[in-house]
Amino acid sequence: MTTNADSAKPTRRRAPAGAAVLREDVTDAIRAAVFEELASVGYARMSIEGIARRAGVGKTAVYRRWRSKLHLVLDLVSAMAVQGLPAPDTGSLEADLLLLYQVTSRALRHPVAGQIIPDLQAEAARNPDIAEAMQKALREGQHGVASGIVQSAVARGELREGLDEDLALDLISGPLYWRAVVVRSPKLPKGHLERLSAATSAALRAL
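Reading guide: rules and limits
Residues numbered from 1 in each chain as written. Predicted model: local features only at pLDDT ≥ 70, side-chain atom pairs only at ≥ 80, totals over all residues. Heavy atoms only, no water. Helix = DSSP H or I, 4+ residues; strand = E, 2+ residues; numbered from the N terminus. Areas by Shrake-Rupley, 256 points an atom, 1.4 Å probe, with all protein chains shown as cover. Salt bridge = Lys/Arg side-chain N within 4 Å of Asp/Glu carboxyl O. Buried < 20%, exposed > 50% of the residue type's maximum accessible area, 1.4 Å probe, protein only. Expected span 1.5 Å × (residues − 1). Bend = angle between axes of the 7 residues up to and from the residue. Polar contact = N/O pair within 3.5 Å; in protein donor to acceptor, adjacent residues only side chain to side chain. Axes fitted to C-alpha atoms, helices over the stretch in contact; angles between N-to-C directions. Parallel < 35°, antiparallel > 145°, perpendicular 65-115°, else oblique. Left-handed = near helix turned anticlockwise from the far one by under 90°. Contact = heavy atoms within 4.5 Å. Nonpolar A, V, L, I, M, F, W, Y, C, P; charged D, E, K, R; others polar. Patch = residues over 30% accessible without salt bridge, like charges linked within 9 Å, V, L, I, M, F, W, Y side chains within 5 Å. Lys, Arg positive; Asp, Glu negative; His and termini not counted.

A. Layout of the overall build of the protein. The secondary structure content of the protein amounts to 11 helices and zero strands. Ordered by position in the sequence, the α and β elements of the protein form the string α-α-α-α-α-α-α-α-α-α-α. When the accessible area of the protein is evaluated, it comes to approximately 12,600 Å², of which 54% is carbon and sulfur surface.

B. Examining the pattern of salt bridges more closely. The final tally for this structure, using the stated rule, is nine salt bridges. Between glutamate 36 and arginine 54 there is a salt bridge whose closest N-O contact spans 3.9 Å. Note that glutamate 36 is positioned in helix 2 (residues 24–45) and arginine 54 in helix 3 (residues 48–55), a separation of 18 residues in sequence. Glutamate 36 gets classed as partly exposed once you look at its relative accessible area, which sits at 42%. Residue aspartate 96 pairs with arginine 156 through a salt bridge whose shortest N-O separation is 3.7 Å.

C. Inspection of helix 10 (residues 165–182) at higher detail. For helix 10, spanning 18 residues, the distance from its first C-alpha to its last is 24 Å, which sits close to the expected 26 Å at 1.5 Å a residue. Of all the bends in helix 10, the greatest, near 35°, is centred on serine 173, and the proline proline 175 appears no more than four residues after it. By the burial criterion, the buried members of helix 10 are Ala168, Leu169, Ile172, Ser173, Leu176, Ala180 and Val181. The N-capping residue of helix 10, defined by a side-chain oxygen 3.2 Å from the backbone nitrogen of aspartate 166, is aspartate 164. Directly beyond the C-terminal end of helix 10, a positive phi value near 55° is found at arginine 184.

D. Fine view of the packing of helix 6 (residues 93–108) against helix 11 (residues 192–205). Remark: helix 6 packs on helix 11, axes separated minimally by 9 Å, with the N-to-C direction vectors making an angle of 130°. With respect to each other, helix 6 and helix 11 are oriented oblique. Two packed elements cross with a definite hand, and for helix 6 against helix 11 that hand is right-handed. Contacts between helix 6 and helix 11 involve Leu93, Glu94, Leu97, Leu98, Tyr101, Gln102 and Ser105 from the former and Leu193, Glu194, Leu196, Ser197, Ala198, Thr200, Ser201, Leu204 and Arg205 from the latter. The residue inventory of the contact of helix 6 with helix 11, partitioned by class, reads eight nonpolar, five polar and three charged.

E. Fine view of a nonpolar patch on the surface. A cluster of nonpolar residues, Trp178, Val182 and Val183, forms a patch on the protein surface that exposes about 320 Å² of accessible area. Topologically, valine 182 is positioned in helix 10.

F. Fine view of the side chain of arginine 65. Along the polypeptide, arginine 65 turns up in the loop between helix 4 (59–63) and helix 5 (69–83). Despite its burial, arginine 65 pairs with no opposite charge, the nearest such side chain being aspartate 25 at 6.5 Å. Within polar-contact distance, the side chain of arginine 65 engages the backbone oxygen of arginine 23 at 3.3 Å. Not counting residues up to four positions away in its chain, the partners in contact with arginine 65 are Leu22, Arg23, Val26, Thr27 and Ile30.

G. Up close: the packing of helix 2 against helix 3. In contact at an axis separation of 8 Å, helix 2 and helix 3 are set at 120° when each is read in the N-to-C sense. By the criterion of interaxial angle, the relationship of helix 2 to helix 3 is oblique. Like other packed secondary-structure pairs, helix 2 and helix 3 cross with a definite hand, here right-handed. Between helix 2 and helix 3, the residues in contact are Ala29, Ile30, Ala33, Val34, Glu36, Glu37 and Ser40 and Gly50, Ile51, Arg54 and Ala55, respectively. Tallied by class, residues from the contact of helix 2 with helix 3 come to six nonpolar, two polar and three charged.

From the geometry alone we can't say anything about function, so treat these as descriptive.
Quick look at the structure:
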């Protein structure tokens, strides 16, 4: 028999089936495992089984978050754009460029990045989805910061208004990526980033 007191008690609502909360620490462990797996075996040989083993979880934990290794890698590449780079604000074009180059150079020369970036570039040539994700990551990450440097320099009067911004971004980003990613020079000569900052600053003023 139900009493008025019983009917007044609030009822607990059960979470719908299949709506279990995804633990953030597990997600982070899987993402870290993907970077390690990419650096170790490359995209082509990377597997969900290997990722799960490195992360110390079951395959189900991976598949609950991503449908395939492609979606997993696309997610990580896209996240690079979200994380971005610190926006330099030193009050000087040349000093802003130097700070950008110092941060970018350290990131590109990290051992894991040194293995992953060339591999993903090779995959991007074969897979349009990866190519699009990498282009977006670079455009919204590196180029987003470089665009901010150019706009600040224009506002300070260091660069002229109406300059070709696409060409400016190529001038800023191209040389360091060529050296670190394409040529893969093991070590930059002493003072290279300072000279590159001065040369790029001069080139931008000539636009």
